[in-house]
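Here is how the chains run, residue by residue.
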Amino acid sequence: MKIYFKRGTYRFRDSNKTQHKFATLQEAVDAGGIDETSEVKVSGIPYRVHSSKLNLTTESVEEIGDN
């Protein structure tokens with residue numbers, strides 16, 4: 001249930017195609033929507049990338065936290 005922003009609200013559709021609308025991204029996430037974008041810095045330049053493209057494992061997250 002991918003969250004998208006439209007006309008000032010954060011929205012997602014559930015498996016029954018019912019649209020849910022929220023004032024904030026956090027409210028949409030808390031209700032079960034999935035925020036598929038994450039901000040990543042490469043060479044100090046921030047940009048957005050779909051989190052589905054990151055392919056992080058538990059081990060790689062632990063390694064990042066140790067640095």
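This text gives an overview of the structure that appears in the document. Keep in mind the model is a prediction, meaning the values are calculated, not measured. (Residues numbered from 1 in each chain as written. Predicted model: local features only at pLDDT ≥ 70, side-chain atom pairs only at ≥ 80, totals over all residues. Heavy atoms only, no water.)

## Points about the pairing of strand β3 (residues 19-22)
Phase 1 of the analysis: One ladder, built from 4 bridges, connects strand β2 (residues 9-13) with β3; its direction is antiparallel. Residue pairing across strands places Y10 opposite F22, the latter belonging to β3.
Phase 2 of the analysis: Between the end of β2 and the start of β3, which pair antiparallel, lie 5 residues, with K17 showing a positive phi angle near 70 degrees. (Pairing = 2+ DSSP bridges. Helix = DSSP H or I, 4+ residues; strand = E, 2+ residues; numbered from the N terminus.)

## Some details on the sheet that holds β2
Two orientations exist for strands paired in a sheet by backbone hydrogen bonds: parallel and antiparallel.
Phase 1 of the analysis: Read across the open sheet, the 3 strands follow the order β1-β2-β3; overall the sheet is antiparallel. Strands with a single pairing partner mark the edges of an open sheet, and in this sheet they are β1 (4-6) and β3. Direction aside, neighbouring strands of the sheet carry axes that sit 35 degrees apart on average. (Axes fitted to C-alpha atoms, helices over the stretch in contact; angles between N-to-C directions.)

## Quick word on the environment of E36
Phase 1 of the analysis: Relative to the elements of secondary structure, E36 occurs in the loop between α1 (25-30) and β4 (37-42).
Phase 2 of the analysis: With 34 residues separating them in the primary sequence, E36 and K2 have C-alpha atoms 6.6 Å apart.

## Here's the deal with the environment of F12
Phase 1 of the analysis: Of note, F12 is situated in strand β2.
Phase 2 of the analysis: For the pair F12 and A31, spaced 19 residues apart in sequence, the C-alpha to C-alpha distance is 9.7 Å.
Phase 3 of the analysis: If near-sequence neighbours (up to four positions away) are discounted, F12 is found in contact with M1, K2, I3, Y4, T18, Q19, H20, F22, A28, A31, G32 and G33. (Contact = heavy atoms within 4.5 Å.)

## Regarding unusual backbone geometry
Phase 1 of the analysis: The phi angle at R7 is positive, at roughly 50 degrees, despite the residue not being glycine.
Phase 2 of the analysis: With respect to the element layout, R7 can be found in the loop between β1 and β2.
Phase 3 of the analysis: According to the relative accessible area criterion, R7 is exposed, its value standing at 75%.
Phase 4 of the analysis: The residue K17 is not glycine, and still its phi comes out positive at about 70 degrees. (Buried < 20%, exposed > 50% of the residue type's maximum accessible area, 1.4 Å probe, protein only.)

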